[in-house]
Amino acid sequence: MRVLVYSDVHGNLPAFEAMLRRVGNCDLYISLGDLVNYGPWSNECVELALSLSPSILLMGNHEEAFIRGDYKGAKLVEQFFNMTYPNFRYLNEIHDFKMSARLGNYQFIHTIEGRYIYPDTNIELLDNFFIGHSHYQFSYENNDFRLNNVGSVGQNRQDLNTICYGIYDLDKNKVKLESLYYDASFLIHELRIRGYPIDCINYYSSKL
C-alpha cells in the first residue's frame, strides 16, 4: 500500500499539483493539515485535496484559524489571513477534518503539543509519528520511536522552490522523504496580481 503523506500546502496550488504529477497514483493520500492561508488558492487546494480518493484530511492550525474566523499571532500572518479568509468557501468541509489518524505503526498529526519541531528540538517520543507544521523536512529516532517531518509542499521556509513530502509503504513499513524543484516565481507573480501587501510579497521573495 503506497501512501502519500503531505503537509502545509498553504494555498499554493501550483506546488500541490506539481507534487501530485510527480508522485502519480497512490493507494491513500494523507494531508497533515494547513492546506489553507498564505498563498492565493486556499479554495482550490481544499477542493483538490477533497478530490483525492481515498484520503485522510487532518486539521492544521490554519484550518483552526479559518474555523474561528480570526488569526491571533504575528502581524505578517494576519495580513495573509486578511487576504485569504474573506473569500474562503469550504468552511463546512474543513470542520470535518480529523485531529489525528493512525495507520500501521504511525500516528499522523499536524504536530506534537502544538510545537514547531526541528531536528534539534528536545522532545521525548512516545509513539511513531508523521508530522508537519515546522516546514522543515527531516527524520530521526529517539526512545525507540521514529518521527518523520514531511516538510512543506507550498511554503518551504529554506527554499520556496523546493516541494517536500513523504511516501509511506505500509506493507514494508518503509518511509521515504522526497522533494522536487519547481519555479515558485509564478506564486509571487500571483500575489502581486491579487494585491497582496508588500510585506507578504517580500516575505515570499526572501525564500527564493
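Please read these numbers as outputs of a predicted model, since none were measured by experiment.

Draft legend 1. Just the packing of aromatic side chains, in detail. By the definition in use, this model includes 20 aromatic pairs. Consider the rings of Phe130 and Tyr168, whose centres lie 5.5 Å apart with planes at 50°: the pair is tilted. Placement of the pair is Phe130 in strand β6 (residues 128–131) and Tyr168 in strand β9 (residues 162–169), with a sequence separation of 38 residues. Assessed through its relative accessible area of 0%, Tyr168 is described here as buried. The structure contains a cluster of three or more aromatic residues connected by ring pairs, namely Tyr38, Phe80, Tyr196, Tyr203 and Tyr204.

Draft legend 2. Inspection of the sheet that holds β9 at higher detail. An order of β3-β2-β1-β9-β10 is seen for the five strands of this open sheet, with the pairing classed as mixed. At either margin of the open sheet sits one strand with a lone partner, and together these are β3 (55–57) and β10 (174–181). Ignoring strand direction, the axes of neighbouring strands in this sheet form an average angle of 20°. Where β9 lies against β10, eight bridges are found, and the strand directions are antiparallel. Each residue of the ladder has a partner; that of Gly166, found in β10, is Leu177.

Draft legend 3. Molecular detail of the nonpolar core. Core analysis: the biggest nonpolar cluster contains 49 residues, and Leu4, Tyr6, Phe16 and Met19 have the highest contact counts within it. At the level of elements, β1 (2–6), α1 (13–23), α2 (42–51), α3 (61–68), α4 (75–84), β9, α6 (185–193) and α7 (198–205) are the ones that each hand at least two residues to this core. When residues in this core are grouped by element, the largest group, seven residues, is from α1. Excluding its chain neighbours within four sequence positions, the residues that come into contact with Phe16 are Tyr6, Val9, Leu35, Cys45, Leu48, Ala49, Leu52 and Val153. With 14 residues, the next largest nonpolar core counts Val5, Ile56, Phe108 and Phe130 among its residues.

Definitions and limits used
Residues numbered from 1 in each chain as written. Predicted model: local features only at pLDDT ≥ 70, side-chain atom pairs only at ≥ 80, totals over all residues. Heavy atoms only, no water. Phe/Tyr/Trp six-rings, centres within 6.5 Å; stacked < 30°, edge-to-face > 60°. Helix = DSSP H or I, 4+ residues; strand = E, 2+ residues; numbered from the N terminus. Buried < 20%, exposed > 50% of the residue type's maximum accessible area, 1.4 Å probe, protein only. Pairing = 2+ DSSP bridges. Axes fitted to C-alpha atoms, helices over the stretch in contact; angles between N-to-C directions. Core = buried A, V, L, I, M, F, W, Y, C linked by side-chain atoms within 4.5 Å. Contact = heavy atoms within 4.5 Å.

All we've got here are geometric facts, nothing functional implied.
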